[in-house]
Each structure stands twice: as structure tokens, then as C-alpha cells.
Amino acid sequence: MSYCVHCGVELDATAAACPLCHTPVADPRQPVDTVSPKPFPTERGEVAPVSRRELALLLSVMLASVSVCCTVLNVLLPAGRAWSLYVTGAALMLWFWLVPPLLRRGLPLPVRLILDGAAVAVYVLLIAVDLDGLGWYRALALPIILLGTACVLFLGLVLGGGRRSILSTVTLLIGTIGVFLAGVELFVDRFRDGAWRPGWSVVVLAVCAALIIPLVVVRRVPSLREEVRRRFHM
């Protein structure tokens, strides 16, 4: 058993130099073993990167296989309902969420968000088909999905366009959530009663306004903004 004279690390019989400090090994009573295999790899190896196209193909095949299998089972074992539409819709939604970003690197954020919203709309459409609810889909579900997609798209474009402060980000988030919930009540009231009767959404908007006003004041006053920034970093 040999040790490095410089750093003291234990040396293998095949080591011609210290693996830690690279000091040459010179021991006349124990020549370097050049026959036995070294205890560690001598060549640097790298794992080949996974092909994005192959991964996208694999995901597509897996999702398609699940959809086809469930559809066949639904036909062979009729249960009175087209339950396979739920599986097919979920598979399509996952495909839209996962595969296009793999096939197209650097896909613009608006395009990705629109595809995600379209995937959700298709999934809910298949549920509506199974429940014979195309009426509530057109009048209620689709408008809410479109509004949600528009809100997410707005946040993605505004917040993704550059670096924004924590106060600005929180203000935009609260305001967008308030607008979305007010829109949800609008669509629900119009679908149920034919007219908008503001109720709980007014409370939500009031709470959002109560949260946004102090944030705007803090953002406008430099001394308060610096104090919040200092405390946040602490």
C-alpha cells in the first residue's frame, strides 16, 4: 500500500501519478503495475443527449395507444356512456402541453399559451359531448376557458417581457385574478338567469382593490419602496 508523498492520498498499484495532486509516483521497491486494470475510468465519457424528436414521438405513441385501447374497451364493453372520451381528451390535452414544445424549441410563449387553452377547450368539449351538454359548453364553459386563456396570455406577455419588481408582479396577479372571477360570475349569471347580477364578484373586486391600492402607493413612494425592498432582501 502506497501513499502520495505530497498530499497523503492512498495510491493504487496502477497509479503512475497521484489522482488528486498529480504528483508522480516514484517507488523503486514497487514499480507501477501497467498490466492490471485501473480502478477508475481512464477516458471521459458523456451521455448522449436525448433526441427531442424521438421523445416527442414516444409520447405521441404512448398517448395514442392509451386512447385507442380505452376506445376499443368502451366499444367492446358498453357501459351506456362514452367514458373513453375522457381519456382521449386528457391524452389530447397532454399532447398539446408536451409535444409541440419538444418539436419546436423556442416556441413563442403566446403560441404555447394559446395551444394550452385550446387543449383545455377540446377536453371540456369531449366531456360535453358525453353529457349531451353542448349548450352549456358554448354558453358557459367555452367563454370561461377563453377568458382564462386571455388572462394567462396577458400575464405571460406582460411579466415575460422583462424583469419586473415584486410589487408590480403581485399587483398584476391580483388584478388579473379579480377580473377573471368577475368574468366567471358574469358568464354564470347570463347562462343561468339571462342577465348579470353582480354579487360575490363585487366582494372579490373590492378585496383585490383593497390589496392593490397599498401596493400602488408603496410603488409610487420611493422611500416606502426602498424599505420594502430592503426588508424583502433581508
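Residues numbered from 1 in each chain as written. Predicted model: local features only at pLDDT ≥ 70, side-chain atom pairs only at ≥ 80, totals over all residues. Heavy atoms only, no water.

Chemist: Please explain the overall build of the protein chain as it appears in this structure.
Modeler: Within the protein chain one finds seven helices and two strands. Reading the protein chain from its N end, one meets helices and strands in the order β-β-α-α-α-α-α-α-α. Every one of the 234 residues in the protein chain was classed for burial, and the buried ones make up 26%. Look at the contacts in the protein chain between residues 6 or more apart in sequence, and 47% of them connect residues 24 or more apart. For the protein chain, the exposed surface amounts to about 16100 Å²; the carbon and sulfur share of it is 69%. (Helix = DSSP H or I, 4+ residues; strand = E, 2+ residues; numbered from the N terminus. Buried < 20%, exposed > 50% of the residue type's maximum accessible area, 1.4 Å probe, protein only. Contact = heavy atoms within 4.5 Å. Areas by Shrake-Rupley, 256 points an atom, 1.4 Å probe, with all protein chains shown as cover.)

Chemist: What exactly am I supposed to notice about a nonpolar patch on the surface here?
Modeler: A cluster of nonpolar side chains, V68, V72, L73, V75, L76, L77 and W83, forms an exposed patch at the surface whose accessible area comes to about 680 Å². Tracing the sequence through the fold places L77 in the loop between α1 (52-76) and α2 (84-103). (Patch = residues over 30% accessible without salt bridge, like charges linked within 9 Å, V, L, I, M, F, W, Y side chains within 5 Å. Salt bridge = Lys/Arg side-chain N within 4 Å of Asp/Glu carboxyl O.)

Chemist: Any chance you could explain the pattern of salt bridges here in plain terms?
Modeler: If charged atoms from side chains of opposite charge come close, those side chains can pair. As enumerated under the stated definition, the model contains three salt bridges in all. Close ionic contact of D189 with R192 constitutes a salt bridge, the shortest N to O distance being 3.2 Å. Placement of the pair is D189 and R192 together in helix α5 (residues 166-192), with a separation of three residues, close to one helical turn. Measuring nitrogen to oxygen at the nearest pair gives 3.3 Å for the salt bridge that ties D193 to R192. Its relative accessible area of 38% is what places D193 among the partly exposed residues. Looking at R192, the relative accessible area reads 58%, which means it is exposed. If you follow the salt bridges from partner to partner, you end up with D189, R192, D193 and R197 in one network.

Chemist: How do you make sense of the layout of surface pockets when you look at a structure like this?
Modeler: Where empty space is left becomes clear once a probe the size of a water molecule has been rolled over the atoms. Empty space within the second largest pocket amounts to approximately 160 Å³. Surrounding the second largest pocket, S2, Y3, C4, V5, L11, T23, P24, V25, A26 and D27 form its lining. Per-class residue counts for the lining of the second largest pocket are seven nonpolar, two polar and one charged. (1 Å grid on protein atoms, 1.4 Å probe; cavity = no way out; pocket = protein on both sides within 12 Å on 5 of 7 lines; lining within 4 Å. Points joined across faces, edges and corners; volume = space filled by probe spheres on them. Nonpolar A, V, L, I, M, F, W, Y, C, P; charged D, E, K, R; others polar.)

Chemist: How do you make sense of α2 when you look at a structure like this?
Modeler: Residues that lie three or four places apart on an α-helix share one face, since the helix turns once every 3.6 residues. Helix length check: α2, at 20 residues, gives a terminal C-alpha distance of 27 Å against a target of 28 Å (1.5 Å per residue), a fit within 8%. When the local axis directions of α2 are compared, the greatest deviation, roughly 30°, occurs at W95. Among all positions in α2, only S84, G89, A91, M93, V99, P100, P101 and L102 are buried. Next to the buried residues of α2 lie α1 and α3 (109-130). (Expected span 1.5 Å × (residues − 1). Bend = angle between axes of the 7 residues up to and from the residue.)

Chemist: Got a minute to help me understand the confidence of the model for the protein chain in this structure?
Modeler: Do not read the fine detail of predicted coordinates wherever pLDDT is low. Looking at the protein chain as a whole, the pLDDT averages 80, with 85% of positions reaching at least 70. Of all the helices and strands in the protein chain, helix α7 (residues 222-233) carries the lowest mean pLDDT, 55, while α1 carries the highest, 89. (pLDDT = per-residue confidence, 0-100.)

Chemist: It is not clear to me how the side chain of T149 should be interpreted in this structure. Could you clarify?
Modeler: Turning to its location among the elements, T149 is positioned in helix α4 (residues 134-160). A polar side-chain atom of T149 sits 2.8 Å from the main-chain carbonyl oxygen of I145. Among all residues touching T149, those that are not within four sequence positions of it are L113, I114 and G117. (Polar contact = N/O pair within 3.5 Å; in protein donor to acceptor, adjacent residues only side chain to side chain.)

Chemist: Before we go on, may I ask you to explain empty space enclosed by the protein in this structure?
Modeler: Within this structure, the stated rule accounts for one cavity of 30 Å³ or more. The space that makes up the largest cavity amounts to roughly 70 Å³. Along its surface, the largest cavity is lined by S2, L11, D12, A13, A15, V25, D27, Q30, P31 and V32. Within the lining of the largest cavity, the residues separate by chemical class into six nonpolar, two polar and two charged.

Chemist: It is not clear to me how the packing of aromatic side chains should be interpreted in this structure. Could you clarify?
Modeler: Geometry of an aromatic ring pair is reported as the spacing of the ring centres plus the angle between the planes. Summed over all chains, the structure comprises one aromatic pair. Seen in terms of ring centroids, W95 and F96 are 5.5 Å apart; in terms of plane orientation they differ by 85°. Their pairing is edge-to-face. Judged by relative accessible area, F96 falls into the partly exposed class, the value being 24%. (Phe/Tyr/Trp six-rings, centres within 6.5 Å; stacked < 30°, edge-to-face > 60°.)

Chemist: Explanation requested: α1 in the structure shown.
Modeler: Its 25 residues place the ends of α1 36 Å apart at the C-alpha level, agreeing with the 36 Å of an ideal helix rising 1.5 Å per residue. Listed in full, the buried residues belonging to α1 are A56, L63, S67, C70 and N74.

Chemist: It is not clear to me how the environment of V25 should be interpreted in this structure. Could you clarify?
Modeler: Relative to the helices and strands, V25 resides in the loop between β2 (10-11) and α1. Here the alpha-carbon distance between V25 and L11, two residues 14 residues apart in the chain, equals 8.8 Å. Among all residues touching V25, those that are not within four sequence positions of it are L11, A15, A16, A17 and C18.

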